[in-house]
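Descriptive analysis of the structure
For reference, the chains in residue letters:
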Amino acid sequence: MKIDKYIGQSGFTSRRKAYDLVGEKRVQVNGKLATYSTKINEGDVVLIDGQKLEPKVFVPVYIMYNKPKGIISTSEKIKDNIIDAVGHAHTIYPVGRLDKDSEGLILLTNHGELIDKITNPVYEHEKEYVVTLNLPVRKQFLNEISAGITIQGEKTKPCVVSMEPGTKRIFRIILKQGLNRQIRRMCNAYDYQVIKLQRVRVMHLLLGKLKPGEWRDLTEEELKILFSQLK
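Below: a short report on this structure. Since the structure is predicted, the reported quantities are computational estimates derived from the model, not experimental observations. (Residues numbered from 1 in each chain as written. Predicted model: local features only at pLDDT ≥ 70, side-chain atom pairs only at ≥ 80, totals over all residues. Heavy atoms only, no water.)

This brings us to the packing of aromatic side chains. Summed over all chains, the structure comprises five aromatic pairs. Residues Y19 and Y36 carry aromatic rings whose centres are separated by 4.1 Å and whose planes lie at 10° to one another, so their mutual orientation is stacked. Of this pair, Y19 sits in helix α2 (residues 15-23) while Y36 sits in the loop between β2 (32-33) and β3 (46-48), and the two are 17 residues apart along the sequence. Residues F141 and F171 carry aromatic rings whose centres are separated by 5.6 Å and whose planes lie at 85° to one another, so their mutual orientation is edge-to-face. With F141 in helix α5 (residues 139-147) and F171 in strand β12 (residues 170-175), this residue pair connects regions lying 30 residues apart in the sequence. Under the relative-accessibility criterion, F141 is labelled buried at 0%. By relative accessible area, which is 1% here, F171 ends up buried. Taken together, the ring pairs in this structure connect F141, F171, Y190 and Y192 into an aromatic cluster. (Phe/Tyr/Trp six-rings, centres within 6.5 Å; stacked < 30°, edge-to-face > 60°. Helix = DSSP H or I, 4+ residues; strand = E, 2+ residues; numbered from the N terminus. Buried < 20%, exposed > 50% of the residue type's maximum accessible area, 1.4 Å probe, protein only.)

Encoded structure:
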């Protein structure tokens, strides 16, 4: 097993951060500095910053959380971080991000490989949002953002948009990419202000009736479909 995966599964940190630790020359295996290609075998001694890594029995955790506005999607020990807000017994990490002012569905897990397979834009997994604006939604705006517009020098990919039935200021948008604050910036480009931004779906996983601040484990059926899509 490669060193970054081994550290990720140990519960010490995520696989992505473990990769950074190796690059920063903070990891030793059997007394030698680890490289990205270092593989771990039974009986090997792994040190991180001079401290022996004691792997825990890996118990996979997959949950969905309805992130309220104000919670920060980070595992860093700062005020209002998502890990403290969830308060799970296991060490888990958010799958991607929702900015502080946004709310809705976000996944958390201790399965580092799954995090990359969901968040890496190369896989183009769908994420659906419901957006409330300060002014009525113009048809031209929907047509143009669906085709793709340039924000901060980068062209957004085509996406699916639709008005929320019976409303004038609410629309849905399905993205297959995740540029930083993408939806807010697309709206700002047309002089709209986002009043509410809620993610309601990631791939086949629906927020449903989960209340803000609540979380639940993914069901066996949800996991079965998830793993089949990530192969």
